[in-house]
Amino acid sequence: MTNQSSANQNQSNQTFKEAAMLILKQVKEECIEDKEKALEIVSRDESVAKVIEWYENVPPHHLPDSEIMVIHNVEALVNISFSEASEVQAMSIELKGDVDEFFLEHPVSLNKFQNLEYLQVKNAPQAPFCLAGLNYLKTLKFHFIYDLVALPQSLDTLSQLEHLFIEGANKITHIPEGIYSLTKLKTLVFSGLNKIKSIPDELGNLRALTTLEISTCGIDIPDSIQELSSFQDLRISNYWAYTPYQAIYQLKQLTTLGINIDESSQFEGIANLSNLKVLEVSGKNSQEALGELPQLEGLILNQYNAPHYPEVLGRLKKLKALKIGSNYELVNAPDFIPELLHLKYLEIRGCDKLESFSSSYQKMKGLELIEIFYNKLVTEIPPHLKHLQEVIRLKTR
């Protein structure tokens, strides 16, 4: 390939990437707008809010009430005086352009930012700085670092760190095992770590951990997860990788769980989760076992490609919020839904064969919001939902 052809190809790739990012941004903005509208309508309730916010969820983190200093080049990091740096509590490093070779060989120490509590690192090929000395850092976010090839030095020295996010790290091949010695960690988020294959058993050392999110990753999760007795919120979307279901079902203090189910047997033991309030399940297998969780207040069912849902779901009398999505075999709206007398919020989305709601839906009352979004054949409010038309939001493709 000639230099000119290579340049044209690179330009084409960049244009495609920018176009894709723009589309993703627009979709995300629409989802956030939908979420905010729903939260305005539905009365405040923790379980209902979790269901509505599920796909735009922001895990717990600490952000001080101060201005965020934004850094665009390494030279700016170097030139900030010690007195100015000592005043900074929140910082976002968003390097643009190539980094001088000198700084790659001699990373810049951030220890002059002695009072820094929040640090966000946005996408760049390199992170030429050292984290040692950030003794008050509580939140560290690597935010969609698609091009970053290695995490910065001394990540494992952040003894006061409580919230760690590593998102969109497509090229990173190694995560320092020392992070599993950060015993004050409360939140750990791994997203898009395509080259990381497993989490070590040392995960069980993080006894203060209350929130773990693993999404769009093929990461094996260790059985030692059952040792995390403080766990409250666990969300796993790890494709084909190993998920220790039986170990997870020993976490009796869990209040929020998101999992993929590939086989019905993977539900065995889920009834042990007696404190579970909100559950998200993605998978095509029978969901009969969910009837053993009568305390559930929020439920999200995705990709269950079957024309009917189990009748036992009607036993979930405490359900306040329900989402059903991407069921491409569903023709008639589920019969169990009208049995849920405490339901406040209902969303049915992306069910392209859905065409009718039975007369049993006429007895439904008390709903504060029904969202019927992007179901190909539902282009107007169904007849048996007309009595609820004031609380229905309908969107078509």
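First, a word on what this report is: a plain description of the structure on this page. (Residues numbered from 1 in each chain as written. Predicted model: local features only at pLDDT ≥ 70, side-chain atom pairs only at ≥ 80, totals over all residues. Heavy atoms only, no water.)

**Some remarks on the pattern of salt bridges**
Okay, step 1: Tallied over the entire structure, the rule returns twelve salt bridges.
Okay, step 2: Two residues, Arg 349 and Glu 347, come together in a salt bridge whose shortest N-O distance is 3.1 Å.
Okay, step 3: Overall, Arg 349 belongs to the partly exposed group, its relative accessible area being 25%. (Salt bridge = Lys/Arg side-chain N within 4 Å of Asp/Glu carboxyl O. Buried < 20%, exposed > 50% of the residue type's maximum accessible area, 1.4 Å probe, protein only.)

**Things to note about the environment of Lys 277**
Okay, step 1: Relative to the assigned elements, Lys 277 resides in the loop between β11 (256–260) and β12 (278–282).
Okay, step 2: For the pair Lys 277 and Leu 299, spaced 22 residues apart in sequence, the C-alpha separation works out to 8.5 Å. (Helix = DSSP H or I, 4+ residues; strand = E, 2+ residues; numbered from the N terminus.)

**With respect to unusual backbone geometry**
Okay, step 1: Here Phe 144, not a glycine, exhibits a phi torsion of approximately 50 degrees, which is positive.
Okay, step 2: Its location among the elements puts Phe 144 in the loop between β6 (139–143) and β7 (163–167).
Okay, step 3: For Phe 144, a relative accessible area of 29% translates into the label partly exposed.
Okay, step 4: Positioned with a positive phi, Thr 216 is a non-glycine residue whose angle comes to about 45 degrees.
Okay, step 5: Locating Thr 216 in the fold gives a position in the loop between β9 (211–215) and β10 (233–237).

**Some remarks on the pairing of strand β1 (residues 68–71)**
Okay, step 1: Only one face of β1 is covered, namely the one carrying Met 69 and Ile 71; the face carrying Ile 68 and Val 70 has none of its residues buried.
Okay, step 2: Pairing of β1 with strand β2 (residues 90–93), which is carried by four bridges, proceeds in the parallel orientation. By the bridge assignment for β2, Ile 68 is matched with Ala 90. (Pairing = 2+ DSSP bridges.)

**A look at the side chain of Thr 211**
Okay, step 1: Considering the arrangement of structural elements, one finds Thr 211 in strand β9.
Okay, step 2: For Thr 211, a relative accessible area of 6% puts it in the buried group.
Okay, step 3: Those residues in contact with Thr 211 that lie beyond four places of it in its chain are Pro 59, Pro 60, Lys 186, Thr 187, Leu 188, Phe 231 and Asp 233. (Contact = heavy atoms within 4.5 Å.)

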